[in-house]
Amino acid sequence: MTRPRYTEELLKIIFFVIGIAFIAMGFLTFAGLIGPTASSTVQVSEVLGLIFVMVGIAFLAAQGILKSIVLSKVRKREELLADGTRVNGTVEKVYLQRYTKYGRNYPYRILYSYTYQGKVYHHKTGFLWDKPDLAEQDSIVVYANGQGESTVGPGSY
């Protein structure tokens, strides 16, 4: 499995696992292997199972929405790399994103700025799983379009 490049891609994985877990809990409730506790608000096993399954389906639906967002971002990145205008940008900061973890790894991100059509833009990259060999004020290749969207060229880091 490839490592996620975007936050939405990481959330997609999490929502998929949680959705499957809720649906499995619902089926276990329907099978009578688990049931409501004495302090549970819902005391009927079938209703509890239905609630588990419905929450699981909601997580899977959210996962589907996140999947379409990721596909849109991937298409946009490919489009920018193919048709975007190549400009020189400047690295503002390279940092380890400590609140995001995948497996045993934390991703890096690059904050960068560039000037396109007389306007200065500030953006950040997606997740980078290997430490970039860049420092502040280094030059970086950016592909941009007129809508203010950009991506960093694959060989830039």
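Within any chain, residue numbers begin from 1 and follow the written order of that chain's sequence. Selection of residues for local features in this predicted model requires a pLDDT of at least 70, selection of side-chain atom pairs for listing and counting requires 80 or more, and totals for whole chains, interfaces and linings are taken over all residues. To get the side-chain values, all heavy atoms of the structure are used, and hydrogens and water are removed first.

Caption draft 1: Representation of the pattern of salt bridges within the structure. Only one rule defines a salt bridge in this text: a Lys or Arg side-chain nitrogen within 4 Å of an Asp or Glu carboxyl oxygen. Counted according to the given criterion, the structure contains three salt bridges. Here Lys73 makes a salt bridge to Glu8, at a shortest N to O gap of 3.0 Å. Of this pair, Lys73 sits in helix 2 (residues 45-83) while Glu8 sits in helix 1 (residues 7-30); the two residues are 65 residues apart in sequence, bridging distant segments of the chain. The buried label applies to any residue whose accessible area, calculated with a 1.4 Å probe on protein chains only, is under 20% of its type's maximum; exposed applies above 50%, and partly exposed to all values in between. For Lys73, a relative accessible area of 32% translates into the label partly exposed. A salt bridge links Glu149 to Lys76; the shortest N-O distance between them is 3.2 Å. Placement of Glu149 in the loop between strand 4 (139-144) and strand 5 (150-152) and of Lys76 in helix 2 is noted, with a sequence separation of 73 residues between them. Helix numbers and strand numbers start at the N terminus; a helix is a DSSP run of H or I with at least 4 residues, a strand a run of E with at least 2.

Caption draft 2: Main features of the environment of Phe127. Its place among the elements puts Phe127 in the loop between strand 3 (119-124) and strand 4. Judged by its relative accessible area of 2%, Phe127 falls in the buried class. For Phe127 and Thr37, which are 90 residues apart along the polypeptide, the C-alpha to C-alpha distance reads 43 Å.

Caption draft 3: Up close: the layout of surface pockets. Points on a 1 Å grid, built from protein atoms alone, make a cavity when a 1.4 Å probe fits but cannot get out and make a pocket when they are open with protein on both sides within 12 Å along at least 5 of 7 lines; residues with an atom within 4 Å of a point are the lining residues. Grid points are joined across faces, edges and corners, and a volume is the space filled by probe spheres set on the points. Considering only enclosed or pocket space, the largest pocket measures out at about 420 Å³ in volume. In terms of lining, the largest pocket is formed by 19 residues, of which the most central are Tyr6, Lys73, Lys124, Gly126 and Ser150. Where the lining of the largest pocket is concerned, the elements lending two or more residues are helix 1, helix 2, strand 2 (108-116), strand 3 and strand 5. Looking at the lining of the largest pocket, the element that brings in the most residues is helix 2, giving five residues. Class assignment of the residues belonging to the lining of the largest pocket gives a composition of four nonpolar, seven polar and eight charged. Amino acids outside the nonpolar list (Ala, Val, Leu, Ile, Met, Phe, Trp, Tyr, Cys, Pro) and the charged list (Asp, Glu, Lys, Arg) are all regarded as polar, and Gly is one of them.

Caption draft 4: Main features of a nonpolar patch on the surface. A cluster of nonpolar residues, Phe27, Phe30, Leu50 and Met54, forms a patch on the protein surface that exposes about 430 Å² of accessible area. Mapped onto the fold, Leu50 is located in helix 2. Here Leu50 falls in the partly exposed class, since its relative accessible area comes to 45%. Here a patch means residues that are over 30% exposed by relative accessible area and free of salt bridges, tied together within 9 Å if like-charged and within 5 Å if nonpolar (Val, Leu, Ile, Met, Phe, Trp, Tyr). The Shrake-Rupley method, run with a 1.4 Å probe sphere, supplies the accessible areas, and residue values consider only the shown protein chains as cover.

Take it as geometry only, folks, not as evidence of what the structure does.
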